[in-house]
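Below, each chain spelled out in residue letters.
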Amino acid sequence: MIDGPYFVLTVVGLLGAGLVAGVFCGFSTFVMQGLAALPAAQGVAAMKAINVTALRRPFMSVFLGSTLVCAVIAVVTFVLWPDEGAVELLVGSALYLFGCFGVTVLANVPRNDALVKVEAGTGEAAAYWPTYVREWTAWNHVRTVAAAGAVVAYLLALV
């Protein structure tokens, strides 16, 4: 069984990935559906405000902190290659780093950047909003499953 500082590191990674999975799950299951039900001008304005708020310290500390912890777990696992849990630790780290952080950077953030460029209440915003909601939410599902998968993998490494 994993013990000592490596145990603590894995538990911190598990908790961070779990918190992020919960946030993303909330967005996938009801926040985006609620925003999509609004008129485009209101939905665009609300999502822009959410995106600004998401960049503040509380969420970014958890999101980026978890990214750092997952990267450290992967490096430590490669260096030490523990007798038990190595595969699960590497799978958990890969799921979070690529499926959660990577998808955020490569799929969700570019869509957020495109949304910033449209003015709520314009025809352009009304035309882009349904596409944004559909694509952003689909990629968010991927992030949700990846973060939850990381939780499961880290948990399996600990048992």
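Residues numbered from 1 in each chain as written. Predicted model: local features only at pLDDT ≥ 70, side-chain atom pairs only at ≥ 80, totals over all residues. Heavy atoms only, no water.

## Overview of the side chain of Thr10
At step 1: Position of Thr10 among the secondary structure elements: in helix α1 (residues 4–36).
At step 2: Thr10 sits in the buried class, given a relative accessible area of 0%.
At step 3: Once residues lying within four places of it in the same chain are set aside, the contact partners of Thr10 are Ile73, Leu89, Tyr154 and Leu158. (Helix = DSSP H or I, 4+ residues; strand = E, 2+ residues; numbered from the N terminus. Buried < 20%, exposed > 50% of the residue type's maximum accessible area, 1.4 Å probe, protein only. Contact = heavy atoms within 4.5 Å.)

## Let's talk about the nonpolar core
At step 1: One finds Leu89, Tyr96 and Cys100 to be the most contacted residues of the largest nonpolar core, which totals 22 residues.
At step 2: Mapped by element, the contributors of at least two residues to this core are α1, α3 (57–80), α4 (86–116) and α5 (123–158).
At step 3: The dominant element in this core, judged by the number of residues it contributes, is α1, at seven residues.
At step 4: Apart from residues no more than four positions distant in its own chain, Tyr96 is found in contact with Ala17, Val20, Val62, Phe63, Ser66, Thr67, Cys70, Phe101, Ala146, Ala147 and Ala150.
At step 5: Ranked by size, the runner-up nonpolar core spans 14 residues in total, among them Phe27, Leu35, Leu115 and Tyr132. (Core = buried A, V, L, I, M, F, W, Y, C linked by side-chain atoms within 4.5 Å.)

## Side note on α1
At step 1: Along its 33 residues, α1 runs 47 Å from first to last C-alpha, staying within 8% of the 48 Å computed at 1.5 Å per residue.
At step 2: Of all the bends in α1, the greatest, near 45°, is centred on Ser28. (Expected span 1.5 Å × (residues − 1). Bend = angle between axes of the 7 residues up to and from the residue.)

## Some details on a nonpolar patch on the surface
At step 1: Residues Phe78, Trp81, Val87, Val91 and Leu95 make up a contiguous nonpolar surface patch of roughly 490 Å² in combined accessible area.
At step 2: The greatest single-element share of the nonpolar patch, amounting to three residues, is contributed by α4.
At step 3: Relative to the helices and strands, Leu95 is located in helix α4.
At step 4: Residue class for Leu95 comes out partly exposed when judged on its relative accessible area of 31%. (Patch = residues over 30% accessible without salt bridge, like charges linked within 9 Å, V, L, I, M, F, W, Y side chains within 5 Å. Areas by Shrake-Rupley, 256 points an atom, 1.4 Å probe, with all protein chains shown as cover. Salt bridge = Lys/Arg side-chain N within 4 Å of Asp/Glu carboxyl O.)

## With respect to the state of the cysteines
At step 1: One pass over the structure, following the stated rule, counts zero disulfides.
At step 2: Among the cysteines around Cys25, which has no disulfide bond, Cys100 carries the closest sulfur, lying 13 Å off.
At step 3: By relative accessible area, Cys25 is classed as partly exposed at 35%.
At step 4: Counting only cysteine sulfurs, Cys70 is the nearest neighbor of Cys100, a cysteine outside any disulfide, at a range of 8.2 Å. (Disulfide = S-S within 2.5 Å.)

## Comments concerning the confidence of the model for the chain
Any residue range with low pLDDT should be treated as having predicted coordinates unsuitable for detailed reading.
At step 1: Mean pLDDT over the chain works out to 96, with 100% of the residues at or above the 70 mark.
At step 2: The secondary-structure element of the chain with the lowest mean pLDDT is α3, recorded at 96, while α4 shows the highest, at 98. (pLDDT = per-residue confidence, 0-100.)

## Some thoughts on the packing of aromatic side chains
At step 1: What the rule picks out here adds up to 10 aromatic pairs.
At step 2: With centroids separated by 5.6 Å and ring planes inclined at 15°, the aromatic side chains of Phe59 and Phe63 adopt a geometry described as stacked. With Phe59 and Phe63 both in helix α3, this residue pair falls four residues apart, about one helical turn.
At step 3: Under the relative-accessibility criterion, Phe59 is labelled partly exposed at 21%.
At step 4: Plain terms: the ring middles of Phe78 and Trp81 are 6.4 Å apart, the flat faces sit at 40° to each other, and that makes the pair tilted.
At step 5: In this structure Phe78 comes out as exposed when scored by relative accessible area, which is 59%.
At step 6: Through successive ring pairs, a cluster of aromatic residues spans Phe24, Phe59, Phe63, Tyr96 and Phe101. (Phe/Tyr/Trp six-rings, centres within 6.5 Å; stacked < 30°, edge-to-face > 60°.)

## Some points on the environment of Val109
At step 1: By secondary structure assignment, the location of Val109 is in helix α4.
At step 2: Using a relative accessible area of 33% as the deciding quantity, one classes Val109 as partly exposed.

## Focus on the pattern of salt bridges
At step 1: This structure, assessed with the given rule, holds one salt bridge.
At step 2: A salt bridge links Arg111 to Glu135; its shortest N-O distance comes to 3.1 Å. Taken together, the residues Arg111 in helix α4 and Glu135 in helix α5 connect sequence positions 24 residues apart.
At step 3: Judged by relative accessible area, Glu135 falls into the partly exposed class, the value being 27%.

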